[in-house]
Every structure is written in C-alpha cells, then in structure tokens.
Protein chains: 2
Amino acid sequence: MCSAYDHNKCTTVSEILARLGDKWTILIIMQLGESPLRFSELKRAVVGISQRMLTLTLRALERDGIVKRTVYPTVPPRVEYSLTELGISFSQPVKGIGSWVFQNHAEIHAARADFDLRNGEVEDSKLIRIS
Amino acid sequence: MCSAYDHNKCTTVSEILARLGDKWTILIIMQLGESPLRFSELKRAVVGISQRMLTLTLRALERDGIVKRTVYPTVPPRVEYSLTELGISFSQPVKGIGSWVFQNHAEIHAARADFDLRNGEVEDSKLIRIS
C-alpha cells in the first residue's frame, strides 16, 4: 500500500487520516450524516464536545471540503452545517467505523480487562523471580 | 445516537474512537489485514512510523484485543503480529476509511487550497474596510 516509491503520497494520506480519524470528526460526521444541524444542535448531539473544539473541528472540516456552512439571511442570521457531496461520500465509511465501535465496545473493554489482568500477573511473577 | 440518557456509553465509545481513529492504528490495521507481519516488516510497510510509536500502538492494539502477538520458539525467537477475530472484523470498516482517503486525497487538497484562497480574500477585504 505504502511503498518507498510513493512516500510523499503516503505522508499526505497519513496526515489526512490523522485529521479525519479524530474522534470528534467522526462523531460530527455521523450526526451531520443524519441531517443538517445548527451549531447549538450539533453541540447537544455530540456529547462532551466543548464549544471551542466544535468550532475548530467544523472549521477544519469546512476547509477539507467535507462540511458546508450555510448562512440564512434571517434576523438573527441562521447558520446551518451540512455535509458536502464529498462529505456524504466520506460519511459512508465513517458510519462503518462508528457503528462497529458502538457494536463492539463491550468486547474491547473485556479484552482490556483481560490484558491488564494478564500483565498484572506477569509483573507479579517477575517480582517473585527477582526476589 | 448519543442522547443524554446514554452519556456514559458515549464517553466510552468516544474514547475508543479516539484510540482507534488514530492514523497509525488505521495504517497498521490496513497492513495486518493483508497478512501477519514481523515488527521490522511492519515498520517498513507503515512509512514514517518511529520504532517507539509502532511499539506503543501495537501494545495498545493488543490490549484492545485487535492485534495478537505470537512468539515462535525458534532461535532467535520469531515474533509475529496478526489481527485477532475482532481485529479482522474491525479491519473491514477501517479499510473503508483508508481506501476513501487514498481515493479522495487530491479532492481534499483542492478544497483546502480553495478555502485558504477564499479566507485570504476575506482577510484582505476586512483590511480595506478598516482602513
């Protein structure tokens, strides 16, 4: 996939993955994939996100051409965020990741508890061997 | 998806997304989805990753139950990394994200250039209005 021949391309792709793989990005895209939302609606929907992080993430997604910001000339002006055509296309694999995590988080937690237990035991046996 | 009613569940899912959405995680899973690999092979395949970051990411993935570390009792011992059953299931949506980025990175770059140009213009017009 990433050979030495296309190192530049891979660096580019890594950087985009780093941006788009961000948890807030994924949660925001999952929400906007359902319907366009205003800032305050989005903030309520993405539990735990701060005002500042939502602002920054939306701006980065707008810059990436994934999210569109529409200002309606009402009084006061209404601002709505929606997915662009590129964003709708991206929301498909993003929903895949999100749904998988929702379905499997219990199994991941079980694996972590098991790993920590096993590693705790390894630490103990090392202590015994050392003493 | 994330209502106030299941805030704890969403915090959990967010945390897992943050871990698994990481760019190195995605690139490592994409590689191991093709075949099991030794540490050095994986390091060559995931262009740009440091020894330390590969070690840390593999250990985190092992803890999550996504990656399995197998030690073969040869001299010297051969250590191989592969996806677990949970990891194989996760590699499907991950491949979806990775492939999408590979296919659309040019379009994202074009969107960014366009956004920066437009925002540069906005800054200029503000300057003119102020003066």
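If you're wondering where the values come from, they're calculated on a predicted model, not measured in any experiment.

*Asks:* Before we go on, may I ask you to explain the overall build of chain A in this structure?
*Replies:* Scanning chain A for helices and strands turns up five helices and three strands. The order of helices and strands in chain A, counted from the N terminus, is α-α-β-α-α-β-β-α. With 131 residues in all, chain A has 31% of them scored as buried. Pairs at least 24 apart in sequence give 47% of the contacts found in chain A among residues at least 6 apart.

*Asks:* Sorry if this is basic, but what is going on with the pairing of strand 2 (residues 67–72) of chain B here?
*Replies:* Here six bridges tie strand 2 of chain B to strand 3 (residues 78–83) of chain B, and the two strands are oriented antiparallel to one another. When the sheet's bridge partners are listed, V67 of chain B is paired in strand 3 of chain B with L83 of chain B.

*Asks:* Explain the relation of the copies chain B and chain A here, please?
*Replies:* The operation relating the pair of chain copies consists of a rotation about an axis and a translation along that axis. Mapping chain B onto chain A calls for a rotation angle of 180° and an axial translation of 0.0 Å; the resulting RMSD is 0.0 Å. Read as a symmetry element, the transformation amounts to a two-fold axis. In terms of C-alpha distance to the rotation axis, chain B has G21 of chain B as its closest residue, with the C-alpha 2.1 Å off the axis. Of the residues that chain B buries at the interface, 100% are likewise interface residues in chain A, meaning the two copies contact each other through the same surface.

About the thresholds
- Residues numbered from 1 in each chain as written.
- Chains lettered and ligands numbered in written order.
- Predicted model: local features only at pLDDT ≥ 70, side-chain atom pairs only at ≥ 80, totals over all residues.
- Helix = DSSP H or I, 4+ residues; strand = E, 2+ residues; numbered from the N terminus.
- Buried ≥ 20, exposed ≤ 12 C-beta atoms within 10 Å, placed from the backbone.
- Contact = placed C-beta atoms within 7 Å.
- Pairing = 2+ DSSP bridges.
- Least-squares fit on C-alpha atoms with pLDDT ≥ 70 in both.

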